[in-house]
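# Reading the structure
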Amino acid sequence: MIIRPRPHGWQLLYILRGSIVPAVAPKVVAILLLAIAVAAVAELGEVPGIERVSSAPCALLGLVLSIYLSFRDSACYERWWEGRKPWGQLILESRSVARLDALGQRPLPEPLLPRDYRLQ
């Protein structure tokens, strides 16, 4: 097992191994350059019809995306929590068996355990 020293503070921002930053950074830079180009054309050049463009469609699109991502995030958290409950039960059961084994006792046979304590 490979054990690495645990990073602290600002070191967390500069870790690239196992990070998503190398995959996302080129896309972010491309969008940044596109935004700079659009701002430069709008500021320096006279684009016919640009004064008629409203920001309302962008605001509406942002609202729709935020609602969509909120529901998606809630669904992901719900799935994570549904998986976390049986995992917690498994850890609880394994600790109980380990504790009984350390004491030299045998756990009760499966049919004698109450239904709530059996793994499903």
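Now for a description of the structure that goes with this document.

Thresholds, definitions, all that
- Residues numbered from 1 in each chain as written.
- Predicted model: local features only at pLDDT ≥ 70, side-chain atom pairs only at ≥ 80, totals over all residues.
- Heavy atoms only, no water.
- Helix = DSSP H or I, 4+ residues; strand = E, 2+ residues; numbered from the N terminus.
- Buried < 20%, exposed > 50% of the residue type's maximum accessible area, 1.4 Å probe, protein only.
- Areas by Shrake-Rupley, 256 points an atom, 1.4 Å probe, with all protein chains shown as cover.
- Phe/Tyr/Trp six-rings, centres within 6.5 Å; stacked < 30°, edge-to-face > 60°.
- Salt bridge = Lys/Arg side-chain N within 4 Å of Asp/Glu carboxyl O.

## With respect to the overall build of the chain
Check the secondary structure of the chain and you find two helices and zero strands. Looking at the chain as a whole, 2% of its 120 residues qualify as buried. Total accessible area on the chain stands at roughly 11,600 Å², and carbon and sulfur atoms take up 67% of it.

## Examining the packing of aromatic side chains
Per the counting criterion, the structure on display carries two aromatic pairs. Considering the side-chain rings of Trp 80 and Trp 81, the 5.8 Å spacing of their centres and the 45° angle between planes classify their relative orientation as tilted. Take Trp 80: its relative accessible area is 48%, and that puts it in the partly exposed class. An aromatic cluster of three or more residues is present, and its members are Tyr 77, Trp 80 and Trp 81.

## Quick notes on the pattern of salt bridges
Within this structure, the stated rule accounts for one salt bridge. A salt bridge links Glu 82 to Lys 85; its shortest N-O distance comes to 3.3 Å. In this pair, Glu 82 and Lys 85 are both assigned in helix H2 (residues 56-103), three residues apart and thus about one turn of the helix distant. You can call Lys 85 partly exposed: its relative accessible area is 43%.

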